[in-house]
Amino acid sequence: MEKFNLGIHGSHNAAIAISLGGKVLEVVELERWVGIKNAAFWYYYPIENAEEILNNILDYFKNKYGAKRYDWAMHQSVPLEKLNLLRADNTKYVPHHIAHVSNAMYQSASQRALVVSFDGGSDNGHFNIYNTEKGQNPVLILQSKYDLCVPYAAMGQYLFDIKKEEDFWIGNLTYAGKVMGLSSYGKEDPDLLKKSKELFEKQVTDDVGLAHKNWKKISSSSDKKNDSAKNLAFSTQFEFERKFKEIANKTIASRDKNRELIFSGGGSMNIINNTAFKAFVSPNSDDRGLALGCLLHHLRPSERLDSTYLGPLPWDSKPEGKGHTVKSIGNMLKSGKILGLIQGRMEHGARALGNRSILCIPTEGIKDKLNTSVKKREWFRPFAAVCREENASKYFTSYDMHAYMTHNVFCKTNEFPGIMHIDNTCRLQTVTKEQNLFLWKLLGEFPVLLNTSFNIMGKPILNTYREALWMKENTEIDEVITESEIL
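In what follows, the accompanying structure is described. (Residues numbered from 1 in each chain as written. Predicted model: local features only at pLDDT ≥ 70, side-chain atom pairs only at ≥ 80, totals over all residues. Heavy atoms only, no water.)

A short note on the pairing of strand β16 (residues 448-453)
Here's step 1: Along β16, six of the six residues are buried, which leaves the element largely enclosed by surrounding structure.
Here's step 2: Of the two faces of β16, the one holding V448, L450 and T452 and the one holding L449, N451 and S453 are both buried throughout.
Here's step 3: Relative to β16, strand β12 (residues 356-360) is paired through four bridges, and the arrangement is antiparallel. When the sheet's bridge partners are listed, C360 is paired in β16 with L450.
Here's step 4: As defined by bridge partners, strand β13 (residues 384-388) adjoins β16 across four bridges and the pair is classed as antiparallel. Counted as the bridge partner of V386 is L449 from β16. (Buried < 20%, exposed > 50% of the residue type's maximum accessible area, 1.4 Å probe, protein only. Helix = DSSP H or I, 4+ residues; strand = E, 2+ residues; numbered from the N terminus. Pairing = 2+ DSSP bridges.)

With respect to the packing of aromatic side chains
Centre-to-centre distance and the angle between the planes together describe a pair of aromatic rings.
Here's step 1: Applying the stated criterion to the full structure yields 25 aromatic pairs.
Here's step 2: For the ring pair Y60 and F61, a centre distance of 5.6 Å and an interplane angle of 45° mean the geometry is tilted.
Here's step 3: Under the relative-accessibility criterion, Y60 is labelled buried at 17%.
Here's step 4: F61 gets classed as buried once you look at its relative accessible area, which sits at 0%.
Here's step 5: Measuring from ring centre to ring centre gives 6.4 Å for F416 and F446, while their planes differ by 70°; the resulting arrangement is edge-to-face. (Phe/Tyr/Trp six-rings, centres within 6.5 Å; stacked < 30°, edge-to-face > 60°.)

What to know about the nonpolar core
Here's step 1: Counting 49 residues, the largest nonpolar core has L370, F396 and I419 as the members making the most contacts within it.
Here's step 2: In terms of residue count, helix α15 (residues 437-442) provides more of this core than any other element does, four residues in total.
Here's step 3: Ignoring anything within four residues of it in the chain, the contact list for F396 reads A385, C387, V409, F410, C411, K412, I419, C426, L428 and V448.
Here's step 4: Membership of the second largest hydrophobic core comes to 42 residues, among which are L114, L199, I252 and L261. (Core = buried A, V, L, I, M, F, W, Y, C linked by side-chain atoms within 4.5 Å. Contact = heavy atoms within 4.5 Å.)

Notes on the pairing of strand β8 (residues 139-144)
Here's step 1: With five bridges connecting them, strand β7 (residues 127-133) and β8 associate as antiparallel partners. From the neighbouring strand, N128 faces β8, where its bridge partner is Q143.
Here's step 2: As consecutive antiparallel partners, β7 and β8 are separated by five residues, and within that stretch G135 has a phi angle of approximately 90°, a positive value.

Re the pattern of salt bridges
Here's step 1: The final tally for this structure, using the stated rule, is 22 salt bridges.
Here's step 2: Its salt-bridge partner being E201, residue K243 comes within 3.0 Å of it at the nearest N-O pair. Here K243, found in helix α9 (residues 226-253), pairs with E201, found in helix α7 (residues 190-202); they are 42 residues apart in sequence, far enough to count as distant.
Here's step 3: Overall, the relative accessible area of 28% leaves E201 in the partly exposed class.
Here's step 4: Note that D286 and R288 form a salt bridge whose closest N and O atoms lie 3.2 Å from each other. (Salt bridge = Lys/Arg side-chain N within 4 Å of Asp/Glu carboxyl O.)

Re the sheet that holds strand β6 (residues 112-118)
Here's step 1: Read from one edge to the other, the open sheet built from four strands follows the order β8-β7-β6-β9, with strand pairing classed as mixed. Because the sheet does not close on itself, it has two edges, and the strands there are β8 and β9 (260-264). For this sheet the average axis-to-axis angle between neighbouring strands, irrespective of direction, equals 20°.
Here's step 2: Bridge count between β6 and β9: five bridges; the pairing is parallel. Pairing of S117 across the sheet is with S264, part of β9.
Here's step 3: Of the strands in this sheet, β6, β7, β8 and β9 touch α9, which is tilted by about 150° from β6. (Axes fitted to C-alpha atoms, helices over the stretch in contact; angles between N-to-C directions.)

Comments concerning unusual backbone geometry
Here's step 1: Even without a glycine there, the phi angle at Y45 is positive, about 50°.
Here's step 2: Following the sequence through the fold, Y45 ends up in the loop between α1 (30-34) and α2 (50-65).
Here's step 3: One non-glycine residue, K278, lies in positive phi territory at about 50°.
Here's step 4: Counting through the fold element by element, K278 comes out in the loop between α10 (271-277) and α11 (290-299).
Here's step 5: The class of K278 is partly exposed, set by a relative accessible area of 48%.

As for the packing of α7 against helix α8 (residues 208-218)
Here's step 1: Interaxial distance between α7 and α8 falls to 10 Å at its minimum, and their mutual angle equals 145°. Crossing angle aside, the handedness with which α7 passes α8 is right-handed. Contact with α7, carried on its side by K195, S196, E198, L199 and K202, involves A211, N214, W215 and I218 of α8 and no other residues of that element.
Here's step 2: Residues that form the contact of α7 with α8 fall into these classes: four nonpolar, two polar and three charged. (Left-handed = near helix turned anticlockwise from the far one by under 90°. Nonpolar A, V, L, I, M, F, W, Y, C, P; charged D, E, K, R; others polar.)

Quick word on the packing of helix α3 (residues 96-105) against α11
Here's step 1: Running from N to C, α3 and α11 cross one another at 80°; their axes reach a closest spacing of 7 Å. Classified by the interaxial angle, the pair formed by α3 and α11 is roughly perpendicular. Side by side, α3 and α11 meet where H96, I98, A99, H100, S102 and N103 of the first sit next to L290, L292, G293, C294, L296 and H297 of the second.
Here's step 2: Split into classes, the residues belonging to the contact of α3 with α11 amount to six nonpolar, six polar and no charged. (Parallel < 35°, antiparallel > 145°, perpendicular 65-115°, else oblique.)

Details of helix α16 (residues 465-474)
Here's step 1: Those residues of α16 that sit buried are Y465, A468 and M471. All buried residues of α16 project into a common sector of 120° when viewed along the axis, lining one side. Projecting away from the buried face of α16 at angles above 90 degrees are the exposed residues R466 and E473.
Here's step 2: Packing partners of the buried residues in α16 comprise β11 (339-342), β12, α13 (366-374) and β17 (479-481). (Arc of directions from axis to C-beta.)

Here we look at the sheet that holds strand β1 (residues 4-9)
Here's step 1: Across the sheet, five strands lie side by side as β3-β2-β1-β4-β5; this open sheet has mixed pairing. The open sheet has two edge strands, β3 (23-29) and β5 (88-93), and neither has a second partner. With direction set aside, neighbouring strand axes in the sheet form an average angle of 20°.
Here's step 2: Two strands pair when backbone bridges link them, and β1 and strand β4 (residues 70-76) are joined in this way by five bridges, in the parallel orientation. Across the sheet, I8 pairs through a bridge with H75, a residue of β4.
Here's step 3: Packed onto the sheet, α11 meets β1, β2 (15-20), β3 and β4 and runs at close to 140° relative to β1.

This is the structure we're talking about:
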């Protein structure tokens, strides 16, 4: 273990993870390196210069950590003829869901778990359930033929309020969260529920095109507007949850109660479903966490890994700024300013958790301003809240699973309208003094803040000061700050 090891996932949401002596050092997500959301080295919409970029990242690790060669490269979605590029003495393939399970298991505090791993596409099934124990290989106990994630995402193509991608294959990577956000505005429509059920029952493959063919046969309308769109989104969420329960409920209910319930894979990004089961979900449970999962499958660490800020430091030099205090930043927020925060190492995962975040007070009207003038995204998209862990129960129906924005809570008060969704829920992040000292101190000035990722729609979370300052110049962000300076 006193050698460098590598984990790599090569398809969409590609990433590379590095370790030394059994300790994970860093994870680089390809989308943030190249500035192309959901980027792949190979297979699903690959970048043009994959080998060059791969070498650039490995050179980055070499210059930063001295990693000239790797003992093992654990890989997922890497063509066999490309393995020689990994600078490794040994290589080993890790199946898709085994990587997902390993990612989740070694970030959990539990020794034993039941892990439901479900995804829109993989090389070993769509919906798998495993008994797991740290240090041991996961044991597959159930595999369903159904793919819940492909039909769920596909519906985004038929909802008028969702901004369309250039084709539905790309949309399949971007629509799911939007469908989930819109679903809370809808209500039960028997006809749409029947059609949605038929769509989910037909999907026993990860063929995205087939989902669209099936829907066009089932439904005569190609694009739903107004209440029909909201109700279709509602029906899609309802059927996703119904089919999940049909497949998994019996196994979940009969598990050994000493086994924690964990969800992994792209399906675990559905926070409404997570919340219903109170399942643990890692901060990088979708495909962007596969590289880390590959590496953890090899390392099998005895201590729990916290991967929250395993990303890189900013890639450019910090410009000269002026000092601030927590009190002065609190006053800026209280005056209504929107702040872009870039500090420390980047988050590893889809959510900005206080190091690459946009922060503001969650006042009435701020959602519309952020969606239209900062994020430049759809009107119905909700925003997350962040508060100190010890204060969560004062304002929310918290149950101690909110460090990573993976679950919903209900708001106990109406004093923070900017983070309240139409159904009075909120995706919550809690922070501790040990996890993020600056953000924790700031939350002493104002107990609940709105937290959203530092980017605009269609772009990855940023990782340069240059991009942060561009956001200040071109959107309605008022200031860019670090933990100690205003830039």
